[in-house]
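Structural characterization, general
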Amino acid sequence: MKKLTALLLVIILALGISACAGDVPQAQEPEMYIEPAQLNEDEEKMAQLLGGMDGQHIFDFSVDDSVRSLSIKLWKLEDGEWTDWQADRQMLTEGSGRIALGFEDITEGCRIAVQTGSDFSASSGSREADEALEGMGRTTAYLSQRREIEYDKEIALAIQTFTDKNEVISYDPEYFEHPEEYEKLGYEGVFAITACFSQEPLS
């Protein structure tokens, strides 16, 4: 099943590249952006054929020619601040592409796939689930609309919270910039995934 899911992501990422590259932003829209991918009819059919997209989220991005690298980081909220938990970095050779995230319980790791043009890469970080959070309810909020990309600025693609509280508040991922708001909620576990585009090449 994991192989089928990986194949599905490769196909959907590839099918979306041509459409993404041909998009012309409207006059008032940012030139560099990231947004949830809109799967076309062929991609939807492929997803159904290979078992759906449970736990998978895909984002389209467009950047200018000066952007040289992309980093995708996993963060953990500790004492009101985000701490770098895991990172995936790679070169960018094209100005547009897709990012796919695959996870259910983020404490067990996340599969990250990136495609630009004919280039495709994927990495998967796995670990033992956090026993302290075992059995707790979890909720995940994903980037739901187009966000402007700024050089070297983290953009939250997903935030997952764990708690045994009866009431759960799920903030938009934009609240990544305000970790103190999550700290006020007193949740037992808060994690985030961000994308950051840079003009600096990988060393």
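Please refer to the structure placed before this passage.
These notes cover the structure that comes with them.

Quick notes on the rules
Residues numbered from 1 in each chain as written. Predicted model: local features only at pLDDT ≥ 70, side-chain atom pairs only at ≥ 80, totals over all residues. Heavy atoms only, no water. Pairing = 2+ DSSP bridges. Helix = DSSP H or I, 4+ residues; strand = E, 2+ residues; numbered from the N terminus. Axes fitted to C-alpha atoms, helices over the stretch in contact; angles between N-to-C directions. Core = buried A, V, L, I, M, F, W, Y, C linked by side-chain atoms within 4.5 Å. Buried < 20%, exposed > 50% of the residue type's maximum accessible area, 1.4 Å probe, protein only. Phe/Tyr/Trp six-rings, centres within 6.5 Å; stacked < 30°, edge-to-face > 60°. Contact = heavy atoms within 4.5 Å. Polar contact = N/O pair within 3.5 Å; in protein donor to acceptor, adjacent residues only side chain to side chain.

What follows deals with the sheet that holds strand 3 (residues 69-78). Overall, antiparallel pairing links the five strands, which are arranged 4-3-11-10-8 in an open sheet. Each edge of the open sheet carries a strand with a single partner, namely strand 4 (81-91) and strand 8 (137-142). Across the sheet, the mean angle from the axis of one strand to that of its neighbour is 15°, orientation sign disregarded. Here strand 3 pairs with strand 11 (residues 189-198) via eight bridges, running antiparallel. By the bridge assignment, serine 71 is partnered in strand 11 with cysteine 196.

A few words on the nonpolar core. Judged by nonpolar contacts, the single largest core of 29 residues is most densely connected at Ile34, Ile99, Leu101 and Phe197. Secondary structure elements with two or more residues in this core: strand 2 (56-62), strand 3, strand 5 (96-102), strand 6 (109-116), strand 10 (155-163) and strand 11. Core analysis: the second largest hydrophobic core is formed by twelve residues, Trp82, Leu185, Tyr187 and Ala192 among them.

With that settled, the discussion passes to the packing of aromatic side chains. Summed over the entire model, instances satisfying the criterion amount to nine aromatic pairs. With a centroid separation of 4.4 Å and an interplanar angle of 15°, the aromatic rings of tyrosine 171 and tyrosine 175 are classed as stacked. Overall, tyrosine 175 belongs to the partly exposed group, its relative accessible area being 33%. Seen from their ring centres, tyrosine 171 and tyrosine 182 are 5.5 Å apart, and the 80° between their planes marks the pair as edge-to-face. Of this pair, tyrosine 171 sits in the loop between strand 10 and helix 3 (179-185) while tyrosine 182 sits in helix 3, and the two are eleven residues apart along the sequence. Take tyrosine 182: its relative accessible area is 1%, and that puts it in the buried class. Cluster of aromatic residues (ring-pair linked, three or more members): Trp75, Trp82, Tyr171, Tyr175, Phe176 and Tyr182.

Mapped onto the fold, glutamine 90 is located in strand 4. With relative accessibility at 15%, the residue glutamine 90 sits in the buried group. For glutamine 90 and leucine 202, which are 112 residues apart along the polypeptide, the C-alpha to C-alpha distance reads 7.0 Å. Once residues within four sequence positions are removed from consideration, glutamine 90 is found in contact with Arg68, Ser69, Leu70, Val114, Ser121 and Leu202. Among the polar contacts listed, one links the side chain of glutamine 90 to the side chain of aspartate 88, at a separation of 3.1 Å.

Pairing analysis gives four bridges linking strand 1 (residues 33-36) to strand 2, with the strands arranged antiparallel. Of the residues in strand 2, the one forming a bridge with isoleucine 34 is phenylalanine 61. Where strand 1 meets strand 9 (residues 147-148), two bridges bridge the pair, whose relative direction is antiparallel. For isoleucine 34, the partnering residue across the bridge sits in strand 9 and is arginine 147.

Purely spatial values, then, with no claim about function.
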